[in-house]
Amino acid sequence: MPNRALYLHELIDIVGTGSEPYKAHTAQLGLGRSDGGAPLVGTFQQSGSTGQWPVVVNLWEMEGWDHWATILERQYTRQSGQEPALKTWWTEATTWRSGGFDRILEPAPWSPSRRALLEGGVRGRACLQEIATVRSGTAEQYLDAVHERWLPVAKRHGLALVGAWTTAMRDTEAVLLWCLPDFAALTRHLADVRTAKPGRKWLEHARRWRTDVRETLLVPSPWCVVHPDFAEPASAPPATPPRRARAPRRRAG
């Protein structure tokens, strides 16, 4: 079944060392929710080795355009303020964040939904995010090429698709997110993609549409549906990450 959802992709500017408490705070809002809001697909740490830092990336799944309208009504009420519960969460979030940059994403028909990711067992410790600038009006064509030419090769090389989207309200951008089992799998892919023949052929083909591309490493938190330890809570989770049984306590930071 084609994915008809809508997604909110957030790049969050973190204050100091506030990444971990902010991700926990985000999970409290976005997991196990029953308030009609968008469920959280994941909250990720952007690796400072590959991009701006400290930055957290959030991904939310909405049911579609009408659902987004409902969310906007809660965020911008007739009195020009947020609903009380949302205002409380938002105010607390400013302890750890100072701003950010958001985009609304429309999925390719073959892009997996949040439920499909869970049912398909897509799990890993590393995610590769691609934000591609394409020639005006060709974002959908580019994703068609990804589906036809690159996705089968990527799967054979251990990359699992988390999402493939065009950016709404802009006709020059596409976003892809891939999951890999671990960091070694990520670095092997990066080492091979420009030297092995399948990767070279794809990169040459992609230049028919892409004028620029920016890849960053996103590290999924335990509150991401693709994290190996993720379990869907029945209600809002506590503000501490889940741990494997008998695992040693890990210090936050």
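In this text the structure is predicted, and so the values were computed from the model without any measurement.

What counts, and where the lines are drawn
- Residues numbered from 1 in each chain as written.
- Predicted model: local features only at pLDDT ≥ 70, side-chain atom pairs only at ≥ 80, totals over all residues.
- Heavy atoms only, no water.
- Helix = DSSP H or I, 4+ residues; strand = E, 2+ residues; numbered from the N terminus.
- Rg over C-alpha atoms; globule rule 2.2 N^0.38 Å.
- Buried < 20%, exposed > 50% of the residue type's maximum accessible area, 1.4 Å probe, protein only.
- Pairing = 2+ DSSP bridges.
- Axes fitted to C-alpha atoms, helices over the stretch in contact; angles between N-to-C directions.
- Contact = heavy atoms within 4.5 Å.
- Phe/Tyr/Trp six-rings, centres within 6.5 Å; stacked < 30°, edge-to-face > 60°.
- Patch = residues over 30% accessible without salt bridge, like charges linked within 9 Å, V, L, I, M, F, W, Y side chains within 5 Å.
- Areas by Shrake-Rupley, 256 points an atom, 1.4 Å probe, with all protein chains shown as cover.
- Salt bridge = Lys/Arg side-chain N within 4 Å of Asp/Glu carboxyl O.
- Lys, Arg positive; Asp, Glu negative; His and termini not counted.
- Charge placed at Lys NZ, Arg CZ, Asp CG, Glu CD.
- Core = buried A, V, L, I, M, F, W, Y, C linked by side-chain atoms within 4.5 Å.

**Student:** Break down the overall build of the protein for me, citing the residues and quoting the values.
**Tutor:** When its secondary structure is counted, the protein shows seven helices and eight strands. Relative to its length of 253 residues, the protein is compact, with a C-alpha radius of gyration of 18 Å against a globular reference of 18 Å. The dimensions of the protein, computed from C-alpha atoms along their principal axes, are 55 × 50 × 35 Å. Burial statistics for the protein: of 253 residues in total, 47% are counted as buried.

**Student:** Go over unusual backbone geometry with me, naming the residues and quoting the values.
**Tutor:** Along the chain, W53 connects to P54 via a cis peptide bond; the corresponding omega equals -10°. Counting through the fold element by element, P54 comes out in the loop between β2 (40–46) and β3 (55–62). Not every positive phi belongs to a glycine, and M169 is a case in point at roughly 65°. Positionally, M169 belongs in the loop between β6 (160–167) and β7 (173–180). Looking at M169, the relative accessible area reads 77%, which means it is exposed.

**Student:** Provide a residue-level description of the sheet that holds β3, including the pertinent values.
**Tutor:** Spatial strand order, β1-β3-β2-β8-β5-β7-β6-β4: eight strands in a closed barrel with antiparallel pairing. For this sheet, the mean angle separating the axes of adjacent strands, direction not counted, is 35°. The pairing of strand β1 (residues 6–14) with β3 spans eight bridges and is antiparallel. Directly across from D13, in β3, lies its bridge partner V55. Strands in contact with helix α1 (residues 19–30) are β1, β2, β3 and β4 (97–107); relative to β2, the strand with the most contacts, it is inclined by about 175°.

**Student:** Any details on the packing of aromatic side chains? Residues and values, ideally.
**Tutor:** The relation between two aromatic rings is expressed through the spacing of the ring centres and the mutual angle of the planes. Enumeration according to the criterion identifies five aromatic pairs in this entry. Between the aromatic rings of W150 and W202, the centroid separation amounts to 6.0 Å while the plane-to-plane angle is 15°, which identifies the pairing as stacked. Taken together, the residues W150 in helix α5 (residues 139–156) and W202 in helix α7 (residues 197–206) connect sequence positions 52 residues apart. According to the relative accessible area criterion, W150 is buried, its value standing at 7%.

**Student:** Give a detailed account of a negative patch on the surface, specifying residues and quantitative values.
**Tutor:** Together, E106, E140, D144 and E148 make up a region of like negative charge exposed at the surface. If you trace the backbone, E148 turns up in helix α5.

**Student:** So, the nonpolar core: which residues are in play, and what are the values?
**Tutor:** The biggest cluster of nonpolar side chains holds 42 residues, and the ones touching the most others in it are F44 and V226. The contacts of V226, once residues within four sequence positions are left out, are F44, V122, R123, G124, C127, V162, C179 and P220. In terms of nonpolar packing, the next biggest core, distinct from the first, is built from 29 residues, A139, L151, V193 and W209 among them.

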